Amino acid sequence: MNTCNFKEIRELASLKCQKNSSRLALIYLVYFIFALVLSFNPDLKKYPELLPVVTAFAIVSLLVDGIFQYGISKVIKINYYGDIPTVENLFDGFKVFGTPMVIHLLQTLFIVLW
């Protein structure tokens, strides 16, 4: 059985990310900016007029989060196999729009019903 300790895992991850570290940082920055924008959540008791905006952001977030999760997973996979990921890879989920969206909706439904 092939086992490795945490030190070996950290060294392997460091080697995989070493040559693309600045590019990966940029991709993660773009990902977190989108996540931050989609998680717009003001105090509705203080600003009740923003309810339609918050509702729209929640619906868009529910539909688009799975697509961005697909994209960030693809970036990680591309980097792991030694290729150079690009920011465009973050948006590859839009090429297969339905599958990641449905999987995310099912995942969210499962969590809510849990």
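Presented here is a report on the structure given in the accompanying data block. For every chain, the first residue of its written sequence is number 1, and the numbers climb from 1 along that sequence. For this predicted model, a pLDDT threshold of at least 70 governs which residues receive local features, and a threshold of 80 or more governs which side-chain atom pairs are given and counted, while totals over whole chains, interfaces and linings are taken from all residues. The side-chain values count all of the structure's non-hydrogen atoms but skip hydrogen atoms and water molecules.

**Some remarks on the packing of helix H3 (residues 51–80) against helix H5 (residues 98–113)**
For any two helices packed against each other, the geometry comes down to the angle between their axes and how far apart the axes lie. Only the contacting stretch of a helix is used when fitting its axis, a line to C-alpha atoms as for every element, and angles between N-to-C directions run 0 to 180 degrees. Each helix corresponds to a stretch of at least 4 residues labelled H or I by DSSP, and each strand to a stretch of at least 2 residues labelled E; elements are numbered beginning at the N terminus. Across the interface, H3 lies against H5 with an axial gap of 8 Å and an inter-helix angle of 115°. The angle between H3 and H5 falls in the class roughly perpendicular. Where H3 crosses over H5, the two elements pack in a sense that is right-handed. Of the residues in H5, those touching H3 at Leu62, Leu63, Asp65, Gly66, Ile67, Gln69 and Tyr70 are Pro100, Met101, His104, Leu105, Gln107 and Thr108. An angle below 35 degrees is treated as roughly parallel, one above 145 as roughly antiparallel, one from 65 to 115 as roughly perpendicular, and anything else as oblique. Crossing handedness is defined as follows: a turn of the near helix away from the far one that is anticlockwise and smaller than a right angle gives a left-handed crossing, while the clockwise case is right-handed. Here, residues are in contact when the closest pair of their heavy atoms is within 4.5 Å.

**Re the nonpolar core**
Working definition of a nonpolar core: buried Ala, Val, Leu, Ile, Met, Phe, Trp, Tyr and Cys residues. They are joined through side-chain atoms within 4.5 Å. Classification of residues uses two cut-offs on accessible area relative to the type maximum, computed with a 1.4 Å probe and protein chains only: under 20% is buried, over 50% is exposed, and between them is partly exposed. One finds Leu24, Ile27, Val30, Tyr31, Leu38, Val64, Phe68, Ile72, Val75 and Leu90 forming the largest nonpolar core, which totals 10 residues. Breaking this core down by element, the ones donating at least two residues are helix H2 (21–38) and H3. Per-element tally for this core: the top contributor is H2, with 5 residues. In this structure, Leu38 is in contact with Phe57, Val60, Ser61, Val64, Asp65 and Phe68, ignoring residues within four places of it in sequence.

**Thoughts on the environment of Leu15**
Turning to its location among the elements, Leu15 is positioned in helix H1 (residues 6–18). Between the C-alpha atom of Leu15 and that of Tyr80, which follows or precedes it by 65 residues, the distance is 9.7 Å.

**Section: the packing of aromatic side chains**
Geometry of an aromatic ring pair is reported as the spacing of the ring centres plus the angle between the planes. Think of it this way: a Phe, Tyr or Trp ring, Trp meaning its six-membered ring, pairs with another when their centres are within 6.5 Å, and the plane angle makes it stacked under 30 degrees, edge-to-face over 60, tilted otherwise. On inspection of all chains with the given rule, the structure shows 9 aromatic pairs. Consider the rings of Phe68 and Phe94, whose centres lie 6.0 Å apart with planes at 85°: the pair is edge-to-face. Pair noted here: Phe68 is in helix H3 and Phe94 is in the loop between helix H4 (87–90) and H5, with a separation of 26 residues, a long-range link. Here the aromatic cluster, defined as three or more aromatic residues joined through ring pairs, consists of Phe34, Phe68, Phe91, Phe94 and Phe97.

**Some details on the side chain of Asp92**
Among the structural elements, Asp92 can be located in the loop between H4 and H5. Here Asp92 falls in the buried class, since its relative accessible area comes to 7%. Not counting residues up to four positions away in its chain, the partners in contact with Asp92 are Tyr70 and Lys74.

**Focus on the pattern of salt bridges**
Salt bridges are identified by distance alone: a Lys or Arg side-chain nitrogen within 4 Å of an Asp or Glu carboxyl oxygen. For the structure shown, the criterion picks out 2 salt bridges. Across the salt bridge formed by Lys74 and Asp92, the nearest N and O atoms sit 3.1 Å from each other. Within this pair, whereas Lys74 is found in helix H3, its partner Asp92 is found in the loop between H4 and H5, the two being separated by 18 residues in sequence. The partner of Asp92 in a salt bridge is Lys95, with the nearest N and O atoms 3.4 Å apart. Assessed through its relative accessible area of 69%, Lys95 is described here as exposed. Each of Lys74, Asp92 and Lys95 takes part in a single network of salt bridges with overlapping partners.

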